[in-house]
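# Descriptive analysis of the structure
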Amino acid sequence: MRSSLRSRKAPQHRRTTAKFAAAVVAGTLVLTVTACGGDDDGGKDGGDKGGGKESAAAVQLPKLDGQTVSVAAVWGGSERKVFLKVLDEFEKRTGAKVTFVPAQDPIISFLESKVAGGQPPDVAMLPQVGAIDQAVQNKWAKPVGPEAQKQLDKNYAQGWQDLGAVDGKQYGVYFKAANKSLVWYNTKVFENAGAKEAKTWDDFMKTAQTVYDSGVPPVSVAGADGWTLTDWFENIYLSQAGPEKYDQLAKHEIKWTDPSVKEALTTLGELFGKKGFVAGGADKALQTEFPASVKQTFTGGEQPKAGMVFEGDMVSLPISETKAEIGTDAKVFPFPAVGDESPAVVGGDAAVALKDNKGAQALLTFLASPDSAKIWAEAGGFVSPNKNLDLSAYPNDVQRGIAKALIAAGDDIRYDMSDQAPQAFGGTPGKGEWKALQDFLKNPKDVAGTQKALETAAAKAFKD
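Attention here is on the structure that accompanies the text. (Residues numbered from 1 in each chain as written. Predicted model: local features only at pLDDT ≥ 70, side-chain atom pairs only at ≥ 80, totals over all residues. Heavy atoms only, no water.)

### Notes on the overall build of the protein
This is how it is decided: By definition, any uninterrupted DSSP run of H or I lasting at least four residues is a helix, any uninterrupted run of E lasting at least two residues is a strand, and each is numbered from the N terminus. Each residue is assigned to one of three classes by its accessible area relative to the maximum for its type, calculated with a 1.4 Å probe on protein chains only: buried under 20%, partly exposed between the two thresholds, exposed over 50%. Only heavy atoms enter the contact rule, under which two residues are in contact if any of them lie within 4.5 Å. In this description, accessible areas are obtained by the Shrake-Rupley approach with a 1.4 Å probe, and a residue is regarded as covered only by the protein chains that are shown.
Check the secondary structure of the protein and you find 22 helices and 12 strands. Burial status across the protein gives 60% buried among its 464 residues. Considering only contacts within the protein whose residues lie at least 6 apart along the sequence, 80% involve residues at least 24 apart. Counting every atom, the protein has about 17,900 Å² of accessible surface; 48% of that belongs to carbon and sulfur.

So this is what it looks like as structure tokens:
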């Protein structure tokens, strides 16, 4: 990766991780909520009731009758269904026809083939900061236009704008954010086991043991999706090693053979290596994709396949496809503190124009407005970094609490480490960090070997 990643203007983090985590606690544990489970159609919006501040449109869009706008994204399942509703509204407002282009991970490789074939999409939804850098480096990305920039300036904290900028120029519009520091649990399992929500890692391991002793595997792990394993590591590392080390490792300013990495992997290995703690064992977990990891935690009545599942607010969408109700059958607590403070890791998906035309810029403008965010917020499984989206758009107090904490954090966010890396290291199935941590899940005693594999892959990917 060229120096663009290192020269990116980053938000200033003033050790407000604890403040963010406290806000998450306050927000997510107000669980006198209605079900999110009514969205069994994959995310039908809830109508006009309880929406954003504006009953009228918050942004005016140009007429694009006769024009076609293509949008590429890796979203599938429920996420794709809801995003298509967002695109339907854009069509209705502009007269344009929008074509959704299903992309595969790594999306940069997918886009490379499209560009080489002379058919790049007008807009791509990029799920990694590093992917934005690479799109700019490859001279595919087009700068954000003046109307989209107006919406960004009005609706986004500077920290979120900076994440979409390279060398001081704006390219990305962060439409979807994620709080990736949450543990969701099956309340019936906890009640039967006499288990409690955990505030520290030691407490978490005790809770896991209590659930295991009740006859239910404690944790569901989506090992088939390497990104979930990077999230496990990052939360432990941020809490244990601290923000400064986190930033250094994210930029590869320290090596993955550093003692701090050894400590974090050793801690994670305590969970992965404990017999019976991972649902189905490592072999089964490595065949389990993210949606299935959630659903198996909240189906099966008195005997689900797991009592807890770790991941971000996006967990609520797979839950909505079961009979479980958030707030009664499914509750959530912040990722436990491994060090002095609970971690607060965020991620997100940014819209980037790959063609410099009116349709692409109009879509970026729409995605930077509260109008588009409101549609997905009402469906659940979504958090917007848009500070002018009325919190009443979210379907329950759990989602509102997560969103409120994210907005309150402002510039004080720690972005997903793997998503900051070049995609060859942090976002490619079967390679780099994903592969090394999948191997670690299978053999959690091999800390030194995992560190060596991570460093070898990182050194190659970060090479100027």
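Further notes follow.
### So, the environment of Val86
Secondary-structure assignment places Val86 in helix α3 (residues 77-94). With residues near it in sequence (within four places) discarded, Val86 still touches Phe175, Phe366, Leu367, Ser372, Ile375 and Trp376.

### Quick notes on the sheet that holds strand β10 (residues 330-334)
Filter applied, for reference: DSSP calls a pair of strands paired once it identifies at least 2 bridges connecting them. Note on definitions: angles span 0 to 180 degrees between N-to-C directions of axes, and those axes are lines fitted to C-alpha atoms, for helices only across the stretch in contact.
Across the sheet, which stays open at both edges, the 4 strands sit in the order β8-β9-β7-β10 with mixed pairing between neighbours. Each edge of the open sheet is held by one strand with a lone partner, namely β8 (219-220) and β10. As paired strands, strand β7 (residues 182-186) and strand β9 (residues 308-310) are joined by 3 bridges and run antiparallel to one another. Looking across to β9, one finds that Tyr185 is bridged to Met308. Running over the sheet, helix α9 (residues 201-213) touches β7, β8, β9 and β10 and is turned about 145 degrees from β9.

### As for the layout of surface pockets
Rolled over the atoms, a probe sized like a water molecule indicates the empty space that remains. We count it as follows: As defined here, a cavity is a set of points on a 1 Å grid over the protein atoms alone where a 1.4 Å probe fits but cannot get out. A pocket is an open set with protein on both sides within 12 Å along at least five of seven lines, and residues line them when an atom is within 4 Å of a point. Grid points are joined across faces, edges and corners, and a volume is the space filled by probe spheres set on the points. Each residue gets one of three labels, nonpolar for Ala, Val, Leu, Ile, Met, Phe, Trp, Tyr, Cys and Pro, charged for Asp, Glu, Lys and Arg, and polar for the others, Gly among them.
Put simply, the largest pocket is a space of about 900 Å³. In this structure, the largest pocket is lined by 33 residues; those nearest its centre are Val74, Trp75, Glu79, Trp227 and Phe290. At the level of secondary structure, the elements contributing two or more residues to the lining of the largest pocket comprise α3, β6 (172-179), α10 (226-241), α14 (290-295), α15 (316-320), β11 (345-353) and α21 (432-442). A per-class count over the lining of the largest pocket returns 14 nonpolar, 9 polar and 10 charged.

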